[in-house]
Amino acid sequence: KHNFKIILVVALSKNSVIGLNGELPWHISNDLKRFKNLTTGKSVLMGRKTFQSICKKIGSSLPNRDNLVLSKQNFSYVKNKNVYFFQNISEVFNWLTLNNKKSLVVAGGELIYREFLPIADVLEITHVHDEFDGDTFFPKWEKDDWNVSRESSQKDKKSGLKYNFSTYIRKVKF
């Protein structure tokens, strides 16, 4: 059992697409700002492909946060001051405990979301109101297991895409 809050942050389309060829299939600048606000100063867990796509896009790991990368591959050659590699979830949990972290933000991709969805406490979802082609998907989830605590509808000026920012809190099971 862990003693930190697990928060999944994801943007997904109507058909649950979260990625195509290692990138987001859309560009919504408010979503990227929201991601930054939700993750800055936190420990952010991602898989290798998500980590590599972030590095490719911004030229480095995510600044001002712990980048925790879960991968079976050996990355001991990567020497970044804010990047930590783990081979399994218990290593991640041990690191969080040793470093006295109160929360873990999970940032994808598909396999990482699949692992953490059953134990997540909060979902921070950007619902993009359109269908997209993709090769990476958010796992099926039961909306009935969650309470919506906040929701706001918006429209991206550049792309014209409509989207919602939604915060879901897991319902307590008795």
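Remember, predicted model here, so these are calculated numbers, not experimental data.

About the thresholds
Residues numbered from 1 in each chain as written. Predicted model: local features only at pLDDT ≥ 70, side-chain atom pairs only at ≥ 80, totals over all residues. Heavy atoms only, no water. Helix = DSSP H or I, 4+ residues; strand = E, 2+ residues; numbered from the N terminus. Contact = heavy atoms within 4.5 Å. Pairing = 2+ DSSP bridges. Axes fitted to C-alpha atoms, helices over the stretch in contact; angles between N-to-C directions. Salt bridge = Lys/Arg side-chain N within 4 Å of Asp/Glu carboxyl O. Buried < 20%, exposed > 50% of the residue type's maximum accessible area, 1.4 Å probe, protein only.

A.B. asks: What should I look at first to understand the environment of Val-106 in this one?
C.D. replies: Along the chain, Val-106 falls in strand E6 (residues 103-106). For Val-106, the contacting residues outside a window of four places in its chain are Ile-6, Ile-7, Leu-8, Val-9, Leu-45, Ile-112, Tyr-113 and Phe-116.

A.B. asks: Would you mind showing me how to read the sheet that holds strand E9 (residues 146-155) here?
C.D. replies: In a beta sheet, neighbouring strands are held together by backbone hydrogen bonds and run either parallel or antiparallel to one another. Read from one edge to the other, the open sheet built from eight strands follows the order E5-E4-E3-E6-E1-E7-E10-E9, with strand pairing classed as mixed. What marks the edges here is a single partner per strand, and that holds for strand E5 (83-86) and E9. Pairs of neighbouring strands in the sheet enclose a mean axial angle of 20°, with direction left out of account. As defined by bridge partners, strand E4 (residues 66-70) adjoins E5 across four bridges and the pair is classed as parallel. When the sheet's bridge partners are listed, Leu-70 is paired in E5 with Phe-86. Against the sheet, helix H2 (residues 48-58) contacts strand E3 (43-47), E4 and E5, and its axis sits at roughly 110° relative to E3. The sheet contacts of helix H3 (residues 89-98) involve strand E1 (5-13), E3, E4, E5 and E6, and relative to E4 the element is tilted by about 160°.

A.B. asks: Would you take a moment to explain the pattern of salt bridges for this structure?
C.D. replies: Close approach of charged atoms lets side chains of opposite charge pair. Going through the model one piece at a time under the given rule, you end up with five salt bridges. Lys-56 serves as the salt-bridge partner of Glu-23, at 3.9 Å between the closest nitrogen and oxygen. On the criterion of sequence distance, the pair formed by Glu-23 in the loop between strand E2 (17-19) and helix H1 (29-39) and Lys-56 in helix H2 is long-range, its members being 33 residues apart. On the basis of relative accessibility, which here comes to 37%, the residue Glu-23 falls in the partly exposed class. Here the residues in one salt-bridge network are Glu-23, Lys-56 and Lys-57, joined through shared partners.

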